[in-house]
Amino acid sequence: HVPVACVTMLSSTMRRCAFAFRSTSAAVAHRPCAVTARFPAIRSLATRTTADIGIDSIGIKRESPVHFNLDYDEIFQHEVEHNEGIIATKKEDTFCIRTAPFYGRSPKDRYIVESEPSRNHVDWGAINKPMKPEVFDELYERCTDYLSNSAERLYVYDAFVGTSKSQRRKVRFITEFA
């Protein structure tokens with residue numbers, strides 16, 4: 001099965017998939033035209049196919065391009081062009097995204113697949129809640145189906161967590177928003 005870390009990310013992804021359009025559309029009242037004029041229409045910036053970057057192997061398959069490892073300027077351009085928030089400063093260097101009513105992390109929303117070896121090594125309780133493998137599989141299928149068929153755009157970013165090269169871990173973020 002999938003590593004424990006993926007379960008928490010999947011839970012967050014499902015919540016984001018379910019609520020992102022509602023919260024974003026309510027938060028954005030206008031398109032910042034002055035900044036939009038600064039950018040040409042979005043071109044194919046670091047676009048790939050799902051097969052090129054290997055996400056087809058985890059069930060995400062789509063015909064439209066995937067934006068892969070964009071730099072900060074490219075991400076900013078996508079955020080502005082797709083009206084994902086507002087520019088918060090006159091210098092046009094700070095972008096503000098309203099996520100209400102879903103603030104911060106949800107510490108009581110952590111589910112871990114109850115299987116070996118986690119079954120006997122997790123402190124089960126109000127924070128660490130068990131999830132049956134069948135439930136995980138169903139949620140996983142719903143997420144991959146959404147990202148494959150319903151998300152307007154797809155962004156993939158490969159990064160590291162941890163500062164020490166000997167201790168850091170690779171992570172991959174797959175989202176529908178820049």
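Above this note sits the structure.
What counts and how
- Residues numbered from 1 in each chain as written.
- Predicted model: local features only at pLDDT ≥ 70, side-chain atom pairs only at ≥ 80, totals over all residues.
- Heavy atoms only, no water.
- Helix = DSSP H or I, 4+ residues; strand = E, 2+ residues; numbered from the N terminus.
- Buried < 20%, exposed > 50% of the residue type's maximum accessible area, 1.4 Å probe, protein only.
- Contact = heavy atoms within 4.5 Å.
- Areas by Shrake-Rupley, 256 points an atom, 1.4 Å probe, with all protein chains shown as cover.
- Polar contact = N/O pair within 3.5 Å; in protein donor to acceptor, adjacent residues only side chain to side chain.
- Phe/Tyr/Trp six-rings, centres within 6.5 Å; stacked < 30°, edge-to-face > 60°.
- Lys NZ or Arg CZ within 6 Å of the ring centre and 35° of its normal.
- Pairing = 2+ DSSP bridges.
- Core = buried A, V, L, I, M, F, W, Y, C linked by side-chain atoms within 4.5 Å.
- Salt bridge = Lys/Arg side-chain N within 4 Å of Asp/Glu carboxyl O.

Peer 1: Would you mind showing me how to read the overall build of the chain here?
Peer 2: When you go through the chain residue by residue, the secondary structure sums to five helices and eight strands. Sequence-ordered secondary structure for the chain, helices as α and strands as β, is α-α-β-α-β-α-β-β-β-β-α-β-β. Scored against the burial criterion, the 178 residues of the chain give a buried share of 34%. Expressed as a percentage of contacts within the chain between residues at least 6 apart in sequence, the contacts between residues at least 24 apart total 56%. Carbon and sulfur atoms make up 54% of the accessible area of the chain, which totals about 11,400 Å².

Peer 1: Just to check I follow, could you spell out helix α4 (residues 72-81) for this structure?
Peer 2: An α-helix turns once per 3.6 residues; consequently, residues spaced three or four apart project the same way. Most of α4 is tucked away: eight of the ten residues are buried. Taken as a whole, α4 has its buried residues at Glu74, Ile75, Phe76, Gln77, His78, Glu79, Val80 and Glu81. The N-cap of α4, judged by a side-chain oxygen 3.1 Å from the amide nitrogen of aspartate 73 a few residues on, is aspartate 71. Within two residues after α4, asparagine 83 carries a phi angle of roughly 55°, on the positive side.

Peer 1: Please explain the side chain of threonine 50 as it appears in this structure.
Peer 2: Here threonine 50 lies in helix α3 (residues 50-53). According to the relative accessible area criterion, threonine 50 is buried, its value standing at 6%.

Peer 1: Mind showing me how you'd approach the packing of aromatic side chains here?
Peer 2: Any aromatic ring pair is given by two values, namely how distant the centres are and how the planes are angled relative to each other. Taken as a whole and assessed by the stated rule, the structure comprises one aromatic pair. Between phenylalanine 136 and tyrosine 140 the ring centres are 5.7 Å apart and the planes differ by 35°, which places this aromatic pair in the tilted class. With phenylalanine 136 and tyrosine 140 both in helix α5 (residues 133-149), this residue pair falls four residues apart, about one helical turn. A relative accessible area of 2% means that phenylalanine 136 is categorised as buried. A cation over a ring is seen here: arginine 168 above phenylalanine 160, with NZ or CZ 3.7 Å from the ring centre.

Peer 1: Hey, could you run me through the sheet that holds strand β1 (residues 47-48) in this one?
Peer 2: The strands making up a sheet associate through hydrogen bonds between their backbones, and the pairing can be parallel or antiparallel. Sheet architecture is open: four strands sit in the order β1-β2-β7-β8, paired in mixed fashion. Bordering the open sheet on either side are β1 and β8 (169-175), each of which pairs with just one other strand.

Peer 1: Explain the nonpolar core here, please?
Peer 2: A general trend in soluble globular proteins is that nonpolar side chains are found buried together. Judged by nonpolar contacts, Ile53, Ile55, Ile60, Val66, Phe68, Tyr146, Leu147, Ala151, Leu154, Val156 and Ile174 together constitute the single largest core of eleven residues. Looking at this core, the elements with two or more residues in it are β2 (66-68) and α5.

Peer 1: Whenever I open this one, unusual backbone geometry confuses me. Can you help?
Peer 2: Peptide bonds are, in most cases, trans, and in most cases residues other than glycine have a negative phi. Each neighbour pair has its own omega, and for glutamate 116 with proline 117 the value is 0°, a cis peptide bond. By secondary structure assignment, the location of proline 117 is in the loop between β5 (110-113) and β6 (128-131). In the Ramachandran plot, asparagine 83 falls in the positive-phi region, its phi being about 55° despite a non-glycine side chain. Within the element layout of this structure, asparagine 83 appears in the loop between α4 and β3 (86-87).

Peer 1: Can you help me understand the environment of arginine 62 in this one?
Peer 2: Tracing the sequence through the fold places arginine 62 in the loop between α3 and β2. Along the chain, arginine 62 and threonine 49 lie 13 residues apart, while their C-alpha atoms are 7.7 Å from each other. The contacts of arginine 62, once residues within four sequence positions are left out, are Thr50, Leu147, Ser148, Ala151, Glu152, Arg153 and Leu154. In terms of polar contacts, arginine 62 uses its side chain to reach the backbone carbonyl oxygen of glutamate 152, at 3.4 Å.

Peer 1: What is the right way to look at the pattern of salt bridges in this model?
Peer 2: Two side chains that carry opposite charge are able to pair once their charged atoms sit near each other. Summed over all chains, the structure comprises four salt bridges. Between arginine 153 and glutamate 84 there is a salt bridge, with the nearest N and O atoms lying 3.7 Å from each other. Note that arginine 153 is positioned in the loop between α5 and β7 (155-161) and glutamate 84 in the loop between α4 and β3, a separation of 69 residues in sequence. By the burial criterion, arginine 153 is buried, and glutamate 84 matches it. The closest approach of N and O atoms between glutamate 116 and arginine 119, which form a salt bridge, is 2.9 Å. For glutamate 116, a relative accessible area of 52% corresponds to the exposed category.

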